[in-house]
Amino acid sequence: MKRAFVLILLVVVVPSIQPAEPPVAALRIDSSYATIWKEKGIVSTQRSSDEEFLRRISLDLTGRIPTLDQSLVFLESKDPGKREKLIRQLLDSAEYGEYFAALWTNLILGHEKERFVDREAFQDWFEERIASDTGWDRIVSLLISAEGSFQDTPQLNWFARQKLNPNNLADDTARLFLGIQLGCARCHNHPHDQWKLEDFYGLAAFYSGMKPERFDPIEKMKARELKSQKELEEFRRTLPLKQDSDPNVFAEVQGGRKTYPAKFLLTPQPAHLSGESKRKALAKWVTAPDNPFFAKALVNRVWGMMMGKGFVEPVDDMGSLSDNSNPELLAFLTEDFKQHGYSLRLLLWAIANSKTYQLSSRGGTEGIYYQCGKVEMLNADQTLNSFLVITNVDEKLRSRNRGDYEEKRDLIYRHHVFLFDNDDNRGKETEFRGTISQALFLLNGKMTNEAIRPLSDGATSIVLRRYPDTELRLDGLFLTAVSRRPFPAEKKVMLKYVEQRGDAAAAYEDILWALLNSNEFLFNH
Amino acid sequence: MNHRGVCECSRRELLRWSWRAGAALSFSQLLGITALFAQNAGKAKSCILLWMAGGPSQIDTFDPKPGTPTGGEFKGISTTVPGIQICEHLPLLAKEMKDLAILRSMTSREGNHDRARYYVHTGYASAGVTQHPSFGAVVAKELVSQSQTLPAFISINGPSVGAGLLGVNFAPFVIRDPDKTPENLGRSRHVTRERFEQRQELLEVLNANFDATHPQPEFHKKEQIYQRALDLMNSPALTAFDVSRENDTIRQRYGNTKIGNSCLMARRLIQNGVKFVEVEMDGWDTHRDNFKTTRRLLSELDPAFSSLIRDLRETGLLETTLVIWMGEFGRTPEINANAGRDHWPQAWCAVLAGGGIRGGQVIGTTDSKGYEVEQQPIRVPDLYATLSQCLGIDANKAHSSPLGRPIRIVDHGNVISTLLI
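To continue, consider the overall build of chain A. In terms of helices and strands, chain A carries 27 helices and six strands. A total of 525 residues make up chain A; the buried ones form 46% of that total. Partitioning the contacts of chain A with sequence separation of at least 6, the portion at a separation of at least 24 is 69%.

Set out below in C-alpha cells:
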C-alpha cells in the first residue's frame, strides 16, 4: 500500500529536470579537470563505451545491472542524446529511490537487523523522501527533530538503534551529516584536530534527556504479570518520546564528572535555546545555509559514491587535517547544491552527465584527479539486486505481490548480508573486500545456482527460449550478465564449448556460471 | 623492537639483574638469556574459545555457593584437586580439574549483551567508529599458520565478532552447523569434478580477456581470494570438518550433541593447523527457569568440554593448545521471581586450560554469596595480556585504526603470572 503511495507521489511531485543541455555543474566539473590534467601532464582515458556506461550508471543510480531488454534498447539506439535520457530515466525509476534509501539506511542503522529497530519502516520513509526529491536539508531536519513514538514516526528508528544515547547520536550526527569525526573528543581533546570535549558533549547535549513517556518497565511487568519480553518491547515502541529541556549533558570523562551545555560547533559560548526544543534548534543549525559542514559533507559523499572516492577521504572525516584533492570544485558543487534546494537528484544528474564521470576504466590507473573510470567491487545491495535481475525474480515477484517480494528479498538479504558486510560500515574502499566465504558462496552457493538454472524463468531459460541460434544465445547471455556482446576471441571459445556439448542447456549454464564469477561481473568499472 | 612476548620492561629488568650480579655477561650470553625467557612465552600455538552466549551463571558452574541464600538448587562436588569444588552437574569436568585453572574474579561493567559480547571478545568497549578486532582475528594475524589451506580463524555456530580494523582477511570463517559439511565448500551436487574444472577454464578465459585491458590491482586481489577458495575446496584438510569420520565411541564420549560435535570438530581443526577456533554454545541467558535450563546445558557441556581436554591431552596437543571457556558476563546471585538469574558483570568466571596455563588452581575469590570480587579482580585486558603471553603475541603491538590512531592488541592489561607454567 505504501508502494502505491510512492507511485502517486512520483507522478505528482517530481520536479522535471529540464532536458538536453548538459548541466552547468557538469561543464564545470569537466573544465576543472581538463585544466588540472593539462597542468600536471596527466592523460585521461577515453570516453567509456556505451556498454561500460550503461552498466556503470545502472549500478550507480539504481544499484543493479540493466536487464537484457534495457541493454538491447540502449545499445541499439542511435539517438545522440541517449546517455542523458538514460540518466533521467534511471533517476525517475522506483529502483533509484529504493537503492538510495537502502544505502542511507545502511549508513544510519547499520547492516544488522536489531530487535528494537524497524528497518523496513525507516527505509520506506527514506524512499518516499528520495523518490519525491525532498531536499537533503529537509530530510535531515526531519531526522534530527523527529517527534512521536518509535511506532508512528519511522525516523525515530535511528534513535532506537542508538538506544536514545546522546553520545552515540552526537557521533552519528557529526559523522553522517557533517563529515566530522568527533569520536576522539569523547574522552579527551582531539590530539591533532580542533575538537575539544566541550564540542563533543556540547553536541550530545542537544540529544540528552530523551525517554519514552511513562516508561517504567518493572511496574509494567508487575502490572501485566507475565508479559513476555517481546510484548514489552512492542509496548515500548508505542510510547511517545519526550525530551526534557535541560540544556546540559552530564559526562564522565578523564576520571572526573562534568556538565556540558548544549553548544554549536565553532561557537565558543553555549547555544541560546529561546524556548524551542533542543533538537529543533540543532536541526536548524545543521541545515542552515551558512553551516560550513552540512552541504559540503553530502556533496563530497555523493561525489565519492559516483566517482569512486571523495574529494576528501574518508568522507566522514573531513577535518582540517584531511587533504582535499579539488577544493574549488567541491566549493562550487556545494554552492550549486544549495542553490538548487539541496536536491540529491540534481546533484547526481549533474555528476552523471559530466565527461569526467563517463571516462572509461580501460587501460588506465586511478588517481585523485579522476583521469580514469573508477573500479570498485559491487556492494552487498548491488550484488544481490544484480543476481535477482539475472534470476528474474525481480520482475516476476514485483509485478505479482509487493509484500511477498519484499519478504523474499529481505530473507535473502538477511541471510547473506553478513558475508558481504564491511566490518567498518563506512562505505567505500578501493581494495577488494572479499573473503574466502564470499568466494565460496559465489562459486557454489544457492544464489548462483538459482540464477543459472536453465529450468527456471531466469536468464538461461529466457535466452534459450528467445533465440534459436547459438550465436544469438551467447550474445543474450553476455548481454544479460555483463551488458555487452562477447568479443571475437571469447565467442570462439564459447561456441566451441557449446558445440562440443551438442548445444545442451547445461553448456549455457556453465557459461553463465563463469560470467557471474568473473571480475567483470563482480566489479563496477 | 620488542622481542616476541617479552615486554620492554622485563628485558631491561633482566639486564639490570645481570649487572647487579656482577657477572660480565657476553653479548651472546645475554642473547641466550633473553632467548630462554622468550621460550617460556609462546608455548601455545593455537587456541580454542568455548563461548557461552547469554552469560553463564558463575554460581551454577564454577563458583558454587551451596547453603547460602543465593546458592540455588545446585550443590558443589569435589574435584580431583583437593579444596576445589565445582557445580555438581559437571562431574566429568571435575575429573579434569588438574588441567583447569578457574578464574573466579573476572569483573567488568558491561551488562548489555551486545556491548558485553564486543567487550569480552575484543578487550575494548565499543565506542564510535573504530571496530576493534576479535581476539581470534588477532591470533589469526599474529601467529604463522601451519595449514596451507584452512582459514586461520574458524567460528563454529556463531558469527563471533569480526576482524574490525585488521581487515576482512582475518574475519572468521563461519560454520553454521557442525553436523553438516560447511556451506558451499563442496561443488553443487549436480556438478561433477570434470564439469567444475571446465567451468573454471571458462572463467579463466573471461578473466584473462578482461584483465588484459584492466590492469587495476583489485582484480588481481580478487583472483587471489578465489584461488584460496578453490584450494580450500580441493584441500585434503577439508576432512577436518567432517566429524562423522571419528568413530562412534569418541562421538558418544563427546555426547553427540551440537556442542559435543562442535568441540570434536574444534579438536580436528586444531590438529590440522587452524590457529583459532571459536565454538559458540547458546542458551545461557536464563532470566527464567535458570536451574532447569542450566541443568540441561551442563549435561551437554560436561561431556563435551571434558572430552576435549582429555582428547587434547591424549593426543599430546594440550601443551600447545590454549583452551578458554567464558561468556559475556555472569548472572545475579539473587534469584528473581521467575526462578531465573539476570545479568551480572561484577563477578563472573572464566576457565583456562593448556597452552602454558598452570592447571589445578583457582585464581581470585568472590564473597560468600557471590556478589562481589573479594580477591584479585581480573579485568578482560588482564586476561588477554596473559593469553597473549601464552601465545607469544606482543600485547603492546599497535595497529592503525581508520582514524589513524594506534590501537594496541591489549588495552593495558597485567599478566597474571600465577596462571603461567
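Scanning chain B from N- to C-terminus turns up eleven helices and 16 strands. Counted over contacts in chain B with a minimum sequence separation of 6, partners at least 24 positions apart contribute 73%.

Here we come to the sheet that holds strand β7 (residues 276–281) of chain B. Residues and elements named next belong to chain B. Read from one edge of the open sheet, eight strands run β6-β5-β7-β1-β8-β11-β4-β12, paired in mixed fashion. The sheet terminates laterally at β6 (173–175) and β12 (361–363), the two strands that pair on one side only. Averaged over all neighbouring strand pairs, the angle between strand axes comes to 15°, with direction disregarded. In terms of strand pairing, strand β5 (residues 153–156) meets β6 through three bridges, oriented parallel. What sits directly across from I156, in β6, is I175.

You can see S32 of chain A is positioned in helix α2 (residues 24–40). Non-local contacts of S32 of chain A, meaning those with residues more than four positions away in its chain, are made with N326, E328 and L329 of chain A.

Right, let's get into the interface of chain A and chain B. At the interface, 50 residues of chain A touch 44 residues of chain B. The greatest single-element share of the side of chain A that touches chain B, amounting to seven residues, is contributed by helix α21 (residues 436–444) of chain A.

With that settled, the discussion passes to the nonpolar core. The biggest cluster of nonpolar side chains holds 114 residues, and the ones touching the most others in it are L50, A101, V277, A350, V351 and L352 of chain B. At eight residues, helix α10 (residues 290–314) of chain B tops the list of elements feeding residues into this core. The contact partners of L50 of chain B, leaving out residues within four places of it in the chain, are V279, M281, F305, I324 and W325 of chain B. Within the second largest apolar cluster, 91 residues are counted, among which are I57, L103, W104 and Y357 of chain A.

As a further point, take the domain arrangement of chain B. Residues and elements named next belong to chain B. Splitting chain B by domain gives domain 1 (43–181 + 242–419) and domain 2 (190–240). On the domain 2 side, the residues contacting the eight residues of domain 1 number six residues. Each residue belonging to the side of domain 1 that touches domain 2 can be placed in one class, and the counts come to two nonpolar, three polar and three charged.

A word on the domain arrangement of chain A. All names here are of chain A. Here chain A is partitioned into domain 1 (14–92 + 298–364) and domain 2 (380–524). Counting only elements with at least two residues in the side of domain 1 that touches domain 2, the list comes to α3 (50–62) and α4 (68–76). The leading source of residues in the side of domain 1 that touches domain 2 is α3, at five residues. Of the residues that constitute the side of domain 1 that touches domain 2, the class distribution is eight nonpolar, five polar and six charged.

Below, the discussion takes up helix α24 (residues 470–482) of chain A. Each α-helix winds once per 3.6 residues, and so residues spaced three or four apart point in a common direction. Residues and elements named next belong to chain A. Look at α24: 18 Å from first C-alpha to last across 13 residues, which is about the 18 Å you get at 1.5 Å a residue. Every buried residue belonging to α24 is among R473, L474, G476, L477, F478, L479, T480, A481 and V482, and all of these are buried. Buried residues along α24 sit against α4, α18 (380–391), α23 (459–466), α25 (488–500), α26 (505–516) and α27 (519–522). Two residues or fewer past α24, S483 is found with a positive phi of approximately 60°.

What follows concerns the pairing of strand β1 (residues 46–52) of chain B. All names here are of chain B. Within β1, seven of the seven residues are buried, leaving the element largely enclosed by the surrounding structure. Here β1 shows two buried faces, one formed by S46, I48, L50 and M52 and the other by C47, L49 and W51. Where β1 meets strand β8 (residues 321–327), seven bridges bridge the pair, whose relative direction is parallel. Across the sheet, residue S46 finds its bridge partner in β8, namely T321. Direction of pairing for β1 relative to β7: parallel, over a ladder of six bridges. For C47, the partnering residue across the bridge sits in β7 and is F276.

This part is about the confidence of the model for chain A. Residues and elements named next belong to chain A. Looking at chain A as a whole, the pLDDT averages 85, with 84% of positions reaching at least 70. For residues 5–12, every residue scores under 50 in pLDDT, and the model assigns this stretch seven contacts once sequence neighbours within four places are set aside. The low-confidence segment residues 421–432, where pLDDT is below 50, has 31 contacts with residues more than four positions distant or belonging to other chains.

All names here are of chain B. The buried fraction of β7 amounts to six of the six residues, a majority that puts the element mostly inside the structure. Residues of β7 alternate between two faces, with F276, E278 and E280 on one and V277, V279 and M281 on the opposite face, all of them buried. In this structure, β5 lies alongside β7, joined through four bridges in parallel fashion. Each residue of the ladder has a partner; that of I156, found in β7, is V279.

This part covers unusual backbone geometry. With omega at -10°, the peptide bond leading from E313 of chain A into P314 of chain A counts as cis. Residue position: P314 of chain A is located in the loop between α15 (294–307) and α16 (327–339). Here the phi dihedral of L164 of chain A falls at roughly 60°; this positive angle occurs in a residue that is not glycine. Notably, Q376 of chain B is not glycine yet its phi reads approximately 55°, a positive angle.

Summary statistics for chain B give a mean pLDDT of 87 and a share of 88% for residues scoring 70 or more. Predicted confidence is poor over residues 1–40 of chain B, with pLDDT under 50, and the contacts of this stretch with residues over four places away or in other chains come to 32 contacts.

This part covers helix α11 (residues 380–391) of chain B. Residues and elements named next belong to chain B. The end-to-end C-alpha distance of α11, which contains twelve residues, comes to 16 Å, matching closely the 16 Å that a straight helix rising 1.5 Å per residue would cover. Within α11, eleven of the twelve residues are buried, leaving the element largely enclosed by the surrounding structure. Listed in full, the buried residues belonging to α11 are V380, D382, L383, Y384, A385, T386, L387, S388, Q389, C390 and L391. At its buried positions, α11 is contacted by β1, α4 (113–122), α5 (135–142), β8 and β11 (348–353). A positive backbone phi angle near 70° is found at G392, which sits one or two residues after α11.

The residue R501 of chain A is located in the loop between α25 and α26 in this model. With near-sequence residues (within four places) excluded, R501 of chain A lies in contact with A506 and A507 of chain A.

Turning to the packing of α15 of chain A against helix α17 (residues 344–352) of chain A, a few remarks are in order. All names here are of chain A. Running from amino to carboxyl end, α15 crosses α17 at an angle of 45°, the nearest separation of the two axes being 11 Å. Here α15 is positioned oblique relative to α17, judged by the angle of their axes. Of the two elements, α15 crosses α17, and the hand of that crossing is right-handed. On α17, the residues touching V299, V302, W303 and M306 of α15 are L344, L347, L348, I351 and A352.

Let us now look at the environment of Q46 of chain A. You can see Q46 of chain A is positioned in the loop between α2 and α3. Each C-alpha atom of the pair Q46 of chain A and L239 of chain A lies 58 Å from the other, and the pair is 193 residues apart in sequence.

Rules and cut-offs
- Going along each chain's sequence as written, the residues are numbered from 1 onward.
- Chain labels run from A onward and ligand labels from 1 onward, assigned in the order the entries are written.
- Owing to the predicted nature of the model, reporting of local features is limited to residues with pLDDT of at least 70; listing and counting of side-chain atom pairs is limited to 80 or more, with chain, interface and lining totals taken over all residues.
- Here a helix means four or more residues in a row that DSSP labels H or I, a strand means two or more in a row labelled E, and each is numbered from the N terminus.
- Working definition of burial: number of other C-beta atoms within 10 Å of the residue's own, with buried at 20 or more, exposed at 12 or fewer, and partly exposed in between, all C-beta atoms being placed from the backbone.
- Note on contacts: residues are paired as contacts if their backbone-placed C-beta atoms lie within 7 Å.
- One bridge is not enough; two strands pair if DSSP finds at least two bridges between them.
- Note on method: axes are straight lines fitted to C-alpha atoms, helices fitted across the in-contact stretch only, with angles between N-to-C directions ranging 0 to 180 degrees.
- Among buried residues, those of type Ala, Val, Leu, Ile, Met, Phe, Trp, Tyr and Cys that are joined through C-beta atoms within 7 Å form a set called a nonpolar core.
- For the purposes of this description, domain bounds are those given by an automatic or database domain assignment.
- Gly falls in the polar group here, along with every residue not listed as nonpolar (Ala, Val, Leu, Ile, Met, Phe, Trp, Tyr, Cys, Pro) or charged (Asp, Glu, Lys, Arg).
- What a helix should span is 1.5 Å times the count of its residues minus one.
- Per-residue confidence from the predictor is reported as pLDDT, a score between 0 and 100.
- Orientation categories follow fixed angle ranges, with anything under 35 degrees roughly parallel, anything over 145 roughly antiparallel, 65 to 115 roughly perpendicular, and all other angles oblique.
- Crossing handedness is defined as follows: a turn of the near helix away from the far one that is anticlockwise and smaller than a right angle gives a left-handed crossing, while the clockwise case is right-handed.

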